[in-house]
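This is what each chain is made of:
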Amino acid sequence: MTNPVTKDRRHFEDLAIGEVIDLGHITVSKAMIITFATEFDPFPFHLDETAAKASLLGGLAASGWQTGGLGLRMLVDSFLSTIASAGGLGFSDLKWKNPVMVNDTIGGTVTIVDLRRSGSHPQWGIVTLEFDMRNQKGASVLSMRLANLVDTRTPGAGT
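Numbering of residues starts from 1 in every chain and runs along the sequence as written. pLDDT decides what is reported in this predicted model: residues at 70 or higher carry local features, side-chain atom pairs at 80 or more are listed and counted, and totals for whole chains, interfaces and linings draw on all residues regardless. The basis for the side-chain values is all heavy atoms of the structure; hydrogens and waters are excluded.

Caption draft 1: Local environment of the environment of Gly125. Runs of H or I in DSSP of at least four residues are treated as helices and runs of E of at least two as strands, each being numbered from the N terminus. In this structure, Gly125 sits in strand E4 (residues 124-134). To sort residues, take the accessible area from a 1.4 Å probe on protein chains only and compare it with the maximum for the residue type: under 20% means buried, over 50% means exposed, and anything in between is partly exposed. The buried category is assigned to Gly125, whose relative accessible area is 0%. C-alpha separation for the pair Gly125 and Val150, spaced 25 residues apart in sequence, amounts to 5.1 Å. We call two residues contacting when some pair of their heavy atoms lies within 4.5 Å. In this structure, Gly125 is in contact with Phe12, Arg116, Arg117, Ser118, Asn148, Leu149, Val150 and Thr152, ignoring residues within four places of it in sequence.

What follows is the structure, encoded as structure tokens:
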């Protein structure tokens, strides 16, 4: 049965290992950092410039979880909203490699690194994505693998 919400989107069979998705870019402002940290990650190096300058980070820095959230938003805008996504399965190998500082512009790519059919739910395929997010200087700020369910057009067909 075809899902009317996703019928015109790309399905599992339309995806290819090695496909690279451009995430676009976003500039992270002081206000964005403080707003996120106030609600979700209230460490001094995310909230207070004086404390942040004295910290290991050397200045006000975004929470790693904020960086991940921004990456997910960019992924939805650039890719997940264009495919028949049925939801996320989780992530692995999350690494925050360099801090995201005030006025850094972050972006990057996501690469499809694996595609496989679900063994227990033939109507879904599983796409594994590898994130490579960097700042405006080219320094890596986040990497991880993310698995997502995607509707198939032909349940039960081969991989």
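Caption draft 2: Inspection of the nonpolar core at higher detail. Ranked by size, the top nonpolar core spans 29 residues in total, and within it Leu15, Leu75, Phe79, Ile112, Leu129, Phe131 and Met133 carry the most contacts. Secondary-structure elements contributing two or more residues to this core are strand E1 (20-27), helix H4 (64-78), strand E3 (105-117), E4 and strand E5 (140-151). It is E5 that provides the largest number of residues to this core, a total of five residues. The contacts of Leu75, once residues within four sequence positions are left out, are Leu23, Leu80, Val110, Leu129, Phe131 and Leu146. Residues belong to one nonpolar core when they are buried, are Ala, Val, Leu, Ile, Met, Phe, Trp, Tyr or Cys, and are joined through side-chain atoms within 4.5 Å.

Caption draft 3: Structural context of the pattern of salt bridges. Whenever Lys or Arg places a side-chain nitrogen within 4 Å of a carboxyl oxygen from Asp or Glu, that contact is recorded as a salt bridge. Going through the model one piece at a time under the given rule, you end up with seven salt bridges. A salt bridge links Arg145 to Glu130; its shortest N-O distance comes to 2.9 Å. Highlighted residues: Arg145 in strand E5 and Glu130 in strand E4, separated in sequence by 15 residues. Measuring nitrogen to oxygen at the nearest pair gives 3.1 Å for the salt bridge that ties Arg134 to Asp132. A relative accessible area of 34% places Arg134 in the partly exposed class.

Caption draft 4: View of the sheet that holds E3. Paired strands, in this sense, are two strands between which DSSP finds at least two bridges. Taking strand neighbours across the sheet as the criterion, the five strands line up as E1-E3-E4-E5-E2 in an open arrangement whose pairing is antiparallel. Because the sheet does not close on itself, it has two edges, and the strands there are E1 and strand E2 (85-95). This sheet shows a mean twist of 25° between the axes of neighbouring strands, independent of strand direction. Taken together, the 10 bridges between E3 and E4 define a ladder with antiparallel strand orientation. Across the sheet, Asp114 pairs through a bridge with Thr128, a residue of E4. Each axis is a line fitted through C-alpha atoms, taken for helices only over the stretch in contact, and angles between the N-to-C directions span 0 to 180 degrees.

Caption draft 5: Molecular detail of the packing of aromatic side chains. Stacked, tilted and edge-to-face are the three classes applied to pairs of Phe, Tyr and Trp rings, where Trp contributes its six-membered ring and a pair requires centres within 6.5 Å; stacked means planes under 30 degrees apart, edge-to-face means over 60, and tilted covers the rest. Enumeration over the complete set of coordinates arrives at three aromatic pairs. On the basis of an interplanar angle of 80° and a centroid distance of 4.9 Å, the ring pair of Trp65 and Trp96 is categorised as edge-to-face. Placement of Trp65 in helix H4 and of Trp96 in the loop between E2 and E3 is noted, with a sequence separation of 31 residues between them. With a relative accessible area of 41%, Trp96 lands in the partly exposed category.

Caption draft 6: Seen up close, the environment of Met144. Relative to the assigned elements, Met144 resides in strand E5. Separated by 48 residues in sequence, Met144 and Trp96 place their C-alpha atoms 9.0 Å apart. Setting aside residues up to four positions removed in sequence, Met144 forms contacts with Phe91, Ser92, Asp93, Leu94, Leu129, Glu130 and Phe131.

Caption draft 7: Quick look at the side chain of Ser118. Inspection of the secondary structure assignment puts Ser118 in the loop between E3 and E4. The term polar contact refers here to a pair of N or O atoms within 3.5 Å; inside protein, the definition further demands a hydrogen-donor-capable atom paired with an acceptor-capable atom, and it admits residues adjacent in sequence only when both atoms are side-chain atoms. At 3.0 Å, the side chain of Ser118 forms a polar contact with the backbone nitrogen of His121. Filtering out sequence-adjacent residues up to four positions away, Ser118 remains in contact with Trp124, Gly125 and Ile126.

Caption draft 8: Seen up close, the side chain of Ser140. Within the secondary structure, Ser140 sits in strand E5. Among residues more than four places away in sequence, those in contact with Ser140 are Lys97, Asn98, Asp132, Met133 and Arg134.

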